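# Inside the fold
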Amino acid sequence: MQRDGGGGRSPSADQTQSDDGEVGTERGTGPTRRAVLAGATALVAGCSASPLDGDAETPGTAAGSATGTDEGGRTATTSEGTAAPDGIRERGDPYVAVYEETIPSVAFVRVSTARGQSQGSGWVYDGGYVVTNAHVVSEANTVTVEFRQGDWSRAEVVGSDARSDLAVLSVDSAPAYAEPLSLADEPPVGTEVMALGAPFSLSGSASVGIVSGLDRSIRIRNGFLVADGIQTDAAVNPGNSGGPLVNLDGNVVGVVNSGGGDNVAFAVSASVVEDVVPSLVENGRYRAPYIGVQVRSVTPAVASVYGFEEARGVLVAGVVSGSPADGVLRGATGRETKFGETVPTGGDVVRAIGGTRIETEDDLSSYLAAEASPGETATFRVWRDGETVEEELTFGAAPER
């Protein structure tokens, strides 16, 4: 690690760095960790271009008023009337307190690629590792990490998982003030949060908002769905990717991943971090459970074609040859148009796995994320040829990308 003259101080945070990053999002899904389903390509907010570039989506708006306790010990409330809990929020303005508590652990990640320079954000994880997004470092030749007081260090990519869009960096040395941040339990909708990072290379930035939604599927630019996404209205811009989304106790509820319009941004949840990152640290990779199907949620058109009274379940549109599902589940064999929608016909419709009801594609993604592991076997209850049948399927490990 070097400071100032020794090999120097990184360029000022006021200087912007050109980049090729783009932004985009998708709504989504269920309760936790791994994502294995593929979809259409989407773009993510991470590596920034110039602040004047037209690539960036319109930033979200900040929300929420300060909470805390007054000098007499009485509870101060937000404009919505919510009481401030114990902890960091007791010390004056909650946003100031949580910022001062957490920002020393937030890093500015500078990446050199064959195409030039790009940048993103990160934060210090247990053991002194730095967590960021996989898309921030996916093409890295060299990586440097700068901390709050100008200390900087060369970094190596320890492991990266494209399916969860998480990566772990090791640094040559980190300053003592950059203490690891803790992970939070799933926050309820309405929880006040701060997005910390370096939008447009402006390191040490913060924006505020609330948790706007839970169980969102985040479709990342490689096409995968990351289950259990956190939706927030905190402003997120190119360069925020990889930075922490923290609650007002200073704990990480998610890793900022993308922003896609007014008041809408997404973060990979702490539960996914908890599942994936230790494996990246230990093994350099993470293997998600895999079944090998192309699916779509049952829509009213699908329900009409298949004779269902309710539009629920997941239609197996195709099965990947040689995958765990090959020979166990049946893919569609034909097509029919209903209500202006082209419906694959002849495929299985998954209704439940074990004791878990599967009503949408997001439910399937969430089950794979939360409940399944490679090598485990589960009972799939499916609708096939007019009747319900059960099939035993052993989950595989997702192919390398």
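Above this text sits the structure in question.
Residues numbered from 1 in each chain as written. Predicted model: local features only at pLDDT ≥ 70, side-chain atom pairs only at ≥ 80, totals over all residues. Heavy atoms only, no water.

### So, the sheet that holds strand β8 (residues 166–171)
Taken together, six strands build a closed barrel; the order of strands is β3-β4-β5-β8-β7-β6 and the barrel is antiparallel. For this sheet, the mean angle separating the axes of adjacent strands, direction not counted, is 40 degrees. Sheet topology note: the strand β3 (residues 106–113)/strand β4 (residues 116–124) ladder contains eight bridges and is antiparallel. Residue pairing in the sheet places Val109 in a bridge with Gly120 of β4. Contacts from helix α3 (residues 270–283) reach β4, β5 (130–132), β7 (152–161) and β8, with the element oriented near 45 degrees to β8. (Pairing = 2+ DSSP bridges. Helix = DSSP H or I, 4+ residues; strand = E, 2+ residues; numbered from the N terminus. Axes fitted to C-alpha atoms, helices over the stretch in contact; angles between N-to-C directions. Contact = heavy atoms within 4.5 Å.)

### Things to note about the environment of Pro94
As for its position among the elements, Pro94 is in helix α1 (residues 94–102). A C-alpha to C-alpha distance of 8.9 Å links Pro94 and Asp249, two positions 155 residues apart in sequence.

### So, the side chain of Asp165
Among the structural elements, Asp165 can be located in the loop between β7 and β8. Side chain to side chain, Asp165 and His135 meet in a polar contact 2.8 Å long. If we skip the residues at most four places from it in the chain, Asp165 touches Thr132, Asn133, Ala134, His135, Ile220 and Asn257. (Polar contact = N/O pair within 3.5 Å; in protein donor to acceptor, adjacent residues only side chain to side chain.)

### Quick look at the pattern of salt bridges
Enumeration over the complete set of coordinates arrives at seven salt bridges. The partner of Arg384 in a salt bridge is Asp348, with the nearest N and O atoms 2.8 Å apart. Remark: Asp348 occurs in the loop between β19 (341–345) and β20 (349–353) and Arg384 occurs in strand β22 (residues 377–384); sequence separation between them is 36 residues. Across the pair, exposure class does not vary: Arg384 and Asp348 are buried alike. Taken together, the salt bridges that share partners define one network made up of Asp348, Arg384 and Glu391. (Salt bridge = Lys/Arg side-chain N within 4 Å of Asp/Glu carboxyl O. Buried < 20%, exposed > 50% of the residue type's maximum accessible area, 1.4 Å probe, protein only.)

### Some details on the sheet that holds strand β11 (residues 225–232)
In spatial order, the strands read β9-β10-β11-β14-β13-β12; together these six strands close into a barrel with antiparallel pairing. When strand polarity is set aside, the average angle formed by the axes of neighbouring strands in this sheet is 50 degrees. As judged from the three bridges shared by strand β12 (residues 244–247) and strand β13 (residues 252–259), these two strands associate in the antiparallel manner. Pairing of Leu245 across the sheet is with Gly254, part of β13. Its contacts with the sheet put α3 on β11, β13 and β14 (265–269), and the angle it makes with β14 is roughly 40 degrees.

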